[in-house]
Amino acid sequence: MNKSLAASVSPALYSTKANARIFTLTSTEHNIEVADWKIDSTQLGIIDTYFTIEQKTLHGGKQEGSKVIILTSPNGLTITLSPTRGMSIMNVTGKEMRFGWDSPVKEVVNPAFINLESRNGAGWLEGFNEMMVRCGFEWAGHPGIENGEMRTLHGKAGNTPASEVEIEISEIAPYEIKVRGLIKESTFKKADLQTIAELSYIPDTYSFTIHDHLTNHADYPRDYQIMYHSNFSKPLLEKDAQFIAPIKEISPFNDYAQKGLQDWATYLEPTKNFDEMVFNIVPYSDADGYTLAALHNKDANKGVSIEFNINELPYLTLWKNTDTEKQGYVTGIEPGTNYAYTTSIEREQGRIRQIKPGQTIQFKIRYSALMNREAVDTVKETVTNIQGNQNITSIQTPIAEE
Amino acid sequence: MNKSLAASVSPALYSTKANARIFTLTSTEHNIEVADWKIDSTQLGIIDTYFTIEQKTLHGGKQEGSKVIILTSPNGLTITLSPTRGMSIMNVTGKEMRFGWDSPVKEVVNPAFINLESRNGAGWLEGFNEMMVRCGFEWAGHPGIENGEMRTLHGKAGNTPASEVEIEISEIAPYEIKVRGLIKESTFKKADLQTIAELSYIPDTYSFTIHDHLTNHADYPRDYQIMYHSNFSKPLLEKDAQFIAPIKEISPFNDYAQKGLQDWATYLEPTKNFDEMVFNIVPYSDADGYTLAALHNKDANKGVSIEFNINELPYLTLWKNTDTEKQGYVTGIEPGTNYAYTTSIEREQGRIRQIKPGQTIQFKIRYSALMNREAVDTVKETVTNIQGNQNITSIQTPIAEE
Amino acid sequence: MNKSLAASVSPALYSTKANARIFTLTSTEHNIEVADWKIDSTQLGIIDTYFTIEQKTLHGGKQEGSKVIILTSPNGLTITLSPTRGMSIMNVTGKEMRFGWDSPVKEVVNPAFINLESRNGAGWLEGFNEMMVRCGFEWAGHPGIENGEMRTLHGKAGNTPASEVEIEISEIAPYEIKVRGLIKESTFKKADLQTIAELSYIPDTYSFTIHDHLTNHADYPRDYQIMYHSNFSKPLLEKDAQFIAPIKEISPFNDYAQKGLQDWATYLEPTKNFDEMVFNIVPYSDADGYTLAALHNKDANKGVSIEFNINELPYLTLWKNTDTEKQGYVTGIEPGTNYAYTTSIEREQGRIRQIKPGQTIQFKIRYSALMNREAVDTVKETVTNIQGNQNITSIQTPIAEE
């Protein structure tokens, strides 16, 4: 792809600050599709830091035609997203740090090869290997039937190729990079939910931010659900690794999780036959709705924090899948508008939100790699401060049965 | 693609008149696939008119890999078809004229991303935005189960990529252009229905013709259904726009349509909560079976006529979807072998036809843009003449319940 | 594709003998995908025989993007496989010899266009036209429901694009050629069955061997099923063509097959309304488990033998589909771990096998074209020798009802 052509296309997604370069990698509107593209900071005349951004088209197996965007900051993080898989984050690595996990699914599966309704609505599992996948927006949660239609596991966003993809690079230090994609869930007579899914990152740092704008393009109010399914394994997840968050209420997702309620916040080593335990959490926040959850390793010198706002994302699902490594040893920390029960239960229990015609709702999540004990301690302190002396309500039995 | 190569391939579809140039754009038989191709009349040595024909491959989102063929006649119509979507007509425009509509689905969705069985058989709605889509041929109509198999909404033809695509251009004035595609619905043990789907157009004119040849390649008789789902919005559809046709019988499709029976032939402005009303029509014809239906705007100076033969297409479905513009303000005029009830009802009521082994059945429909009052008046007169003093039977209650 | 690049990639699949050239045509691991590639023996410095190997990408219709590998030995066989369709063998031809058949499905259908769950689990029929397709490995057999999940007809392997494809050519006479593909059936929480599917062929000969390695990459034992669905038509199948095998037990698959039990081993000419009859066979073997089945023409001067081992593949399904040519006049000889009943029946009757974590199970089948009476006679003799004077148990009624 000709860079100047890409740069000459006016940004399709939404208004951006001045002094930034925009590169359009995909556009259904302008019929642009860049197969393979790479830029580095020196090409942009930036000399006080170094980064590269690359788009690659993958081949072979069920990843034929899937695209990934790899943002590399040698002194910070390397972040891999997939426009073909709904702007999901596939993997994040840095100095002895990794967000993500090793699923038995190794390929970046092209949604053309996925049937979400297969396996009784669990076809999503044939492509699930992301560090962060959006579960939503038309629906989310476990499979089930509503109004005769199957609500497939965790919805369609993660298996929807982005219609527009652009990269914005600030020309002013610290050269913030934004990767934006437009995910359309548009069906005649049904939802017309369009999400501008954005990741922003400042080179040389250990944090990045997801900032999504969900807009209802229909003339009718529509339900929406979203869970930011964020997944971690080694080196953060290990025996005696710890989950922390300011907690108002916790309950086990089902009977099996009930057995794990006593030590729900600590993790086991890879454990055969553990399968998975899920916990529903209502977090506390500060006065502005700000809250956070974190995972740190046993030595409390390495971790990840996930900051969000309970006005946008009032619930938190904790998914402990500490089965063996080959089965995908992983934990999911999932801020959302709801829990992972099937839509009909979420509706019954009042956790399905609506978006008005023309309305735009924003979601912002900040992921930070905690690179040392000090960083972990700071996050612990923040959690403690928000919790204060407020009670944790621990509900002993599942709040719903699927 | 090398034009001379394309021209050198012998026409795969069916015999054509002499003095014509054939360009093969797609051929599974000769393994030809032209990604991007364009020709204009001057390249063909034609100097007394001007037209262009172009094939483009679309990119991004769910239209990745979809092809469109755009036939442009600056003094007539611009017609866009999609070989990837079963030779559907996406859009037709001319001087202040447009056939087609604005669906919430904006992309020319590649069938690889469609699951027709999803949404309880209504997955078709995730790609529906055509000006004319063939509903058929193995089955058509609303979703339902027959013999344990799901009959998905409006069948598979519109989501079947053409196996052979060729363009024939007459070298003799008026230089008729034919765009032909072969749509195969071939399944082991099931249907082997193959349709040569043809559009023909004479540059500088305001009409075009669909001429399809459906052949049963199996050794057994097979059911077939076809509805030519032809869709119109502004500038033809507006408050007090009018539908006309010589009518023998009309009935409401369901209880909701029953409420609209009194003023079924006139249209509302975009109307919130209108949703859709559908009417089943048996048209009258002249002695040769010739009939027509038309839509004109309020001022009766702009319209479309659809001419067909009741021996081929005995029924007419009128779909009034005058909801808001964002929901897809549109009306469908759908000559067919049946109504839009699910196959089991159509069968029960005797509207499923059969095609014999080796038999070929033809369907011909002529679409004309009525560019002024005179053209509209002529069509009105034809309708009046066919109707004569014959009665309209208006059935007050739905003839079936889904 | 640059051959030297291909050759420089270390073999992804498994260790190979020395003195062989490896060409990697597809690799998800190394992100290699060769669209079109061809090599012949002279390029490899081989002068005492001649062969070519070619990979082509197919276009048009539902075969858009499908790849085939064509191995041509002018003095022996021409073998066409499809990596996109799970390394299935599409067709084999030689001097007046052909393995394979003419399905109404003519295209090498890209699995992106197949919904295996459609048609009540029989969507597989929309792509079925192979000479040999692996029915497995996560499940096989007729559609049905187990644990709420649909077991689609004959499983997913045949509709899974190969993740790694490589060609190994021995540099030492007789220059054995191996075409290997990796088929991954990997789903989070479900199977992680990976099969290295290999075909080997020695130029100028009339035999080839399938040698598969199925490995369970999960930490839990998993069910597996496999049927090598091997299909033949003219010139082998004709009126009074004969099936032979050393037989311990035979039973009709269903009531209809029961009617054909008397002359189950001979074939009819293309016969309208015959549809299909299926027979379940337990073969006898020699002391090492070696057995074979064969089909020969009426004159017993042309045939095919299929050699396998009952320790690997204890059952044999005989599929007689001698309906008319257009319906796909064909017989299937299918060595397998099970019969074609739906998984729940196979389980109930004890024919579902398990593979342990980390275990690799091998399957080897040798297909030989019997080019003359002598070759047919030799095979008949082998069958007779294995049968010896052991009884054939002919069960008169179906052993299960679907």
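Position numbers for residues count from 1 along each chain, tracking the sequence in the order it is written. The naming scheme follows written order: chains are lettered A onward, ligands numbered 1 onward. The model is predicted, so local features are restricted to residues of pLDDT at least 70 and side-chain atom pairs to those at 80 or more, both for listing and for counting; the totals for chains, interfaces and linings are taken over all residues. Values shown for side chains rest on all heavy atoms present in the structure; no hydrogens or waters enter the calculation.

1. Comments concerning the overall build of chain A
Thought 1: Under the scheme used here, helices are H or I runs from DSSP no shorter than 4 residues and strands are E runs no shorter than 2 residues, and both carry numbers assigned from the N terminus. Per the secondary structure count, chain A includes six helices and 26 strands.
Thought 2: In terms of overall size, chain A behaves like a compact globule, its C-alpha atoms giving a radius of gyration of 20 Å where 402 residues would be expected to give roughly 21 Å.
Thought 3: Dimensions of chain A along its principal axes, counting C-alpha atoms only, are 60 × 50 × 45 Å.
Thought 4: Exposure classes here rest on a 1.4 Å probe applied to the protein chains alone. A residue is buried below 20% of its type maximum, exposed above 50%, and partly exposed in between. Looking at the 402 residues of chain A, the share that counts as buried comes to 64%.
Thought 5: We call two residues in contact whenever any of their non-hydrogen atoms come within 4.5 Å of each other. Within chain A, contacts between residues at least 6 apart in sequence are counted, and of these 66% link residues at least 24 apart. Note that the radius of gyration is over C-alpha atoms, with the globule rule given as 2.2 Å times the number of residues to the power 0.38.

2. A few points about the pattern of salt bridges
Thought 1: The working definition used for a salt bridge is a side-chain nitrogen of Lys or Arg within 4 Å of a carboxyl oxygen of Asp or Glu. This structure, assessed with the given rule, holds 74 salt bridges over all chains.
Thought 2: The structure contains a network of salt bridges with shared partners spanning K62(A), R119(A), E126(A), E138(C), E146(C), E149(C), R151(C), K156(C), K190(C), D223(C) and R347(C).

3. Description of the sheet that holds strand β14 (residues 192-201) of chain B
Residue and element names in this part refer to chain B.
Thought 1: A pair of strands is labelled paired if DSSP reports no fewer than 2 bridges between them. The strand order β2-β1-β12-β13-β14-β15-β25-β21-β20-β17 describes an open sheet built from 10 strands, whose pairing is antiparallel. Two strands bound the open sheet, and with one partner strand each, they are β2 (32-33) and β17 (242-244).
Thought 2: Bridge analysis of β14 against strand β15 (residues 207-216) gives nine bridges, and the strand direction is antiparallel. Counted as the bridge partner of I196 is H213 from β15.

4. Digging into the environment of T397(B)
Thought 1: Turning to its location among the elements, T397(B) is positioned in the segment after β26 (393-394).
Thought 2: If near-sequence neighbours (up to four positions away) are discounted, T397(B) is found in contact with P252(B) and Q258(B).

5. Here's the deal with the interface of chain C and chain B
Thought 1: Chain C puts 37 residues into the contact, and the matching count from chain B is 31 residues.
Thought 2: The salt bridge partner of E149(B) is R119(C), with a shortest N-O separation of 3.6 Å.
Thought 3: Between N or O atoms, a polar contact is any pair within 3.5 Å; within protein, one atom must be a potential hydrogen donor and the other a potential acceptor, and residues adjacent in sequence are included only when both atoms are from side chains. Where chain C meets chain B, there are 18 residue pairs in polar contact (both at pLDDT 80 or more).
Thought 4: If you list the elements that add at least two residues to the side of chain C that touches chain B, you get α2 (118-121), β22 (315-321) and α4 (325-328) of chain C.
Thought 5: The element best represented in the side of chain C that touches chain B is α4(C), accounting for four residues.
Thought 6: As a working rule, the residues Ala, Val, Leu, Ile, Met, Phe, Trp, Tyr, Cys and Pro are called nonpolar, Asp, Glu, Lys and Arg charged, and the rest polar, with Gly in that last group. Its residues assigned to classes, the side of chain C that touches chain B shows 10 nonpolar, 14 polar and 13 charged.

6. Here's the deal with the nonpolar core
Thought 1: Side-chain atoms within 4.5 Å are what join buried Ala, Val, Leu, Ile, Met, Phe, Trp, Tyr and Cys residues into a set we call a nonpolar core. W124(A), F128(A), W124(B), F128(B), W124(C) and F128(C) are the most contacted members of the largest nonpolar core, which totals 83 residues.
Thought 2: When contributions to this core are tallied by element, the ones reaching two or more residues are β9 (132-137) and β19 (277-283) of chain A, β9 (132-137), β19 (277-283) and β22 (315-321) of chain B together with β9 (132-137), β19 (277-283) and β22 of chain C.
Thought 3: Not counting chain neighbours up to four residues away, the residues in contact with W124(B) comprise L116(B), V133(B), C135(B), L153(B), H154(B), G155(B), N159(B) and H229(B).

7. Let's talk about the relation of the copies chain A and chain B
Thought 1: For these two chains of identical sequence, chain A goes onto chain B by a turn of 120 degrees and a shift of 0.0 Å along the axis, with RMSD 0.0 Å. Both copies of the chain, as the preceding transformation shows, are related through a three-fold rotation axis. Relative to the rotation axis, the closest C-alpha in chain A is found at A112(A), a distance of 3.0 Å.
Thought 2: In this assembly the copies use different faces: only 10% of the residues contributing to the interface of chain A also contribute to that of chain B. Overlaid copies result from least-squares superposition on C-alpha atoms, with residues included only where pLDDT is at least 70 in both.

8. Describing the sheet that holds strand β13 (residues 177-186) of chain C
Residue and element names in this part refer to chain C.
Thought 1: The strand order β2-β1-β12-β13-β14-β15-β25-β21-β20-β17 describes an open sheet built from 10 strands, whose pairing is antiparallel. Looking at which strands have only one partner, the edges of the open sheet turn out to be β2 (32-33) and β17 (242-244).
Thought 2: Lines fitted to C-alpha atoms define the axes here, with helix axes fitted over just the stretch in contact, and angles between the N-to-C directions of these axes take values from 0 to 180 degrees. Of the strands in this sheet, β17, β20 (290-296), β21 (303-309) and β25 (360-370) touch helix α6 (residues 373-387), which is tilted by about 135 degrees from β20.

9. With respect to the interface of chain A and chain B
Thought 1: Contact residues are listed per partner, giving 31 residues for chain A and 37 residues for chain B.
Thought 2: For the pair chain A and chain B, the summed buried area comes to about 2,700 Å², and 50% of that belongs to carbon and sulfur atoms.
Thought 3: Counting every contact that joins chain A to chain B gives five salt bridges.
Thought 4: Where K189(A) meets D275(B), a salt bridge forms, and the shortest distance between an N and an O atom there is 2.7 Å.
Thought 5: The interface formed by chain A and chain B includes 18 residue pairs in polar contact (both at pLDDT 80 or more).
Thought 6: For the side of chain A that touches chain B, the elements supplying multiple residues, two or more each, are β1 (20-27), β2 (32-33) and β13 (177-186) of chain A.
Thought 7: Split by residue class, the side of chain A that touches chain B holds nine nonpolar, 11 polar and 11 charged. Take the accessible area each of two parts loses on contact, using a 1.4 Å probe, and add the two losses: that sum is the buried area.

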